[in-house]
Amino acid sequence: GAVVSQHPSRVICKSGTSVKIECRSLDFQATTMFWYRQFPKQSLMLMATSNEGSKATYEQGVEKDKFLINHASLTLSTLTVTSAHPEDSSFYICSARDGKGVLSQQETQYFGPGTRLLVL
Amino acid sequence: AQSVTQLGSHVSVSEGALVLLRCNYSSSVPPYLFWYVQYPNQGLQLLLKYTTGATLVKGINGFEAEFKKSETSFHLTKPSAHMSDAAEYFCAVSLKTSYDKVIFGPGTSLSVIP
């Protein structure tokens with residue numbers, strides 16, 4: 001149980017284009033989803049937290065107009081990198097929390113496999 | 001505020017040897033503690049977690065960790081390393097009052113020498 005998928009796993013785009021990354025919870029209702037960014041050889045940095053049906057909460061320093069997050073259903077959140085530039089190249093990982101499950105599930109974030117973005 | 005430190009950005013062990021990855025945390029309130037493993041170009045997989053109860057926690061793949069409040073530590077161990085254990089390991093902390101705010105340590109890269 002508690003499987004999270006991401007699509008695509010890898011994307012290459014030209015500078016100036018927008019890229020959408022999907023994050024899905026496959027076997028539970030993800031009341032809360034998280035988007036992280038990970039640079040090579042570094043830890044995960046939280047970009048934003050989104051609750052189903054409400055606006056995302058962005059961490060300090062993250063541009064909300066550049067990284068658009070939509071959490072329209074209990075199983076799907078999307079991250080759109082608008083007008084991508086080479087400095088946006090990174091590994092983007094989503095995670096989800098089952099806010100309606102038993103306590104042991106609510107306490108844990110389950111991670112997707114990540115999306116490698118390369119902006120040329 | 002919570003924080004996590006992991007002593008040793010890179011640890012190398014021989015196959016069959018003991019694995020010890022260190023994690024220390026700071027938290028003003030009782031924390032939840034996690035260990036995640038990340039294989040190259042993949043997401044994070046939960047190894048184990050401590051929330052309440054028994055301080056020695058057993059996880060997947062033969063790993064275990066012990067919560068020591070007096071030492072503010074949550075070190076990860078495995079009695080005998082396997083080649084497949086080579087990966088990046090992250091210790092993380094969150095609060096019982098706020099599951100959403102998970103703070104990750106910088107990670108420790110484990111290499112296993114045949």
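Note: the structure precedes this text.
Residues numbered from 1 in each chain as written. Chains lettered and ligands numbered in written order. Predicted model: local features only at pLDDT ≥ 70, side-chain atom pairs only at ≥ 80, totals over all residues. Heavy atoms only, no water.

> Please explain the pattern of salt bridges as it appears in this structure.
Proximity of charged atoms lets side chains of opposite charge pair with each other. Residues and elements named next belong to chain B. On inspection of all chains with the given rule, the structure shows four salt bridges over all chains. A salt bridge links glutamate 64 to lysine 58; the shortest N-O distance between them is 2.8 Å. Overall, the relative accessible area of 22% leaves glutamate 64 in the partly exposed class. (Salt bridge = Lys/Arg side-chain N within 4 Å of Asp/Glu carboxyl O. Buried < 20%, exposed > 50% of the residue type's maximum accessible area, 1.4 Å probe, protein only.)

> In this structure, what is going on with the nonpolar core? I would like to understand it.
The biggest cluster of nonpolar side chains holds 26 residues, and the ones touching the most others in it are Trp35, Leu48, Leu76 and Tyr89 of chain B. Where this core is concerned, the elements lending two or more residues are β2 (10-14), β3 (19-21), β5 (31-38), β6 (44-50), β8 (64-68), β9 (73-78), β10 (87-95) and β12 (108-113) of chain B. Examining the composition of this core, we find that four residues originate from one element, β10 of chain B, more than from any other. Every residue in contact with tyrosine 89 of chain B, bar those within four places of it in the chain, is listed here: Gln6, Leu21, Trp35, Tyr36, Val37, Leu47, Phe63, Leu76, Gly107, Thr108 and Leu110 of chain B. By size, the runner-up hydrophobic cluster in this structure holds 25 residues, among which are Ile21, Val81, Ala84 and Val119 of chain A. (Core = buried A, V, L, I, M, F, W, Y, C linked by side-chain atoms within 4.5 Å. Helix = DSSP H or I, 4+ residues; strand = E, 2+ residues; numbered from the N terminus. Contact = heavy atoms within 4.5 Å.)

> Would you take a moment to explain the environment of lysine 41 of chain A for this structure?
Along the chain, lysine 41 of chain A falls in the loop between β4 (32-38) and β5 (44-51). Along the sequence, lysine 41 of chain A and serine 5 of chain A sit 36 residues apart, while their C-alpha atoms lie 23 Å from each other.

> Looking at this model, I keep getting lost on the side chain of glutamine 6 of chain B. Mind explaining?
Residues and elements named next belong to chain B. With respect to the secondary-structure elements, glutamine 6 resides in the loop between β1 (3-5) and β2. At 3.2 Å, the side chain of glutamine 6 and the side chain of threonine 108 are in polar contact. Not counting residues within four places of it along the chain, the set of residues in contact with glutamine 6 comprises Arg22, Trp35, Tyr89, Phe90, Cys91, Gly105, Pro106, Gly107 and Thr108. (Polar contact = N/O pair within 3.5 Å; in protein donor to acceptor, adjacent residues only side chain to side chain.)

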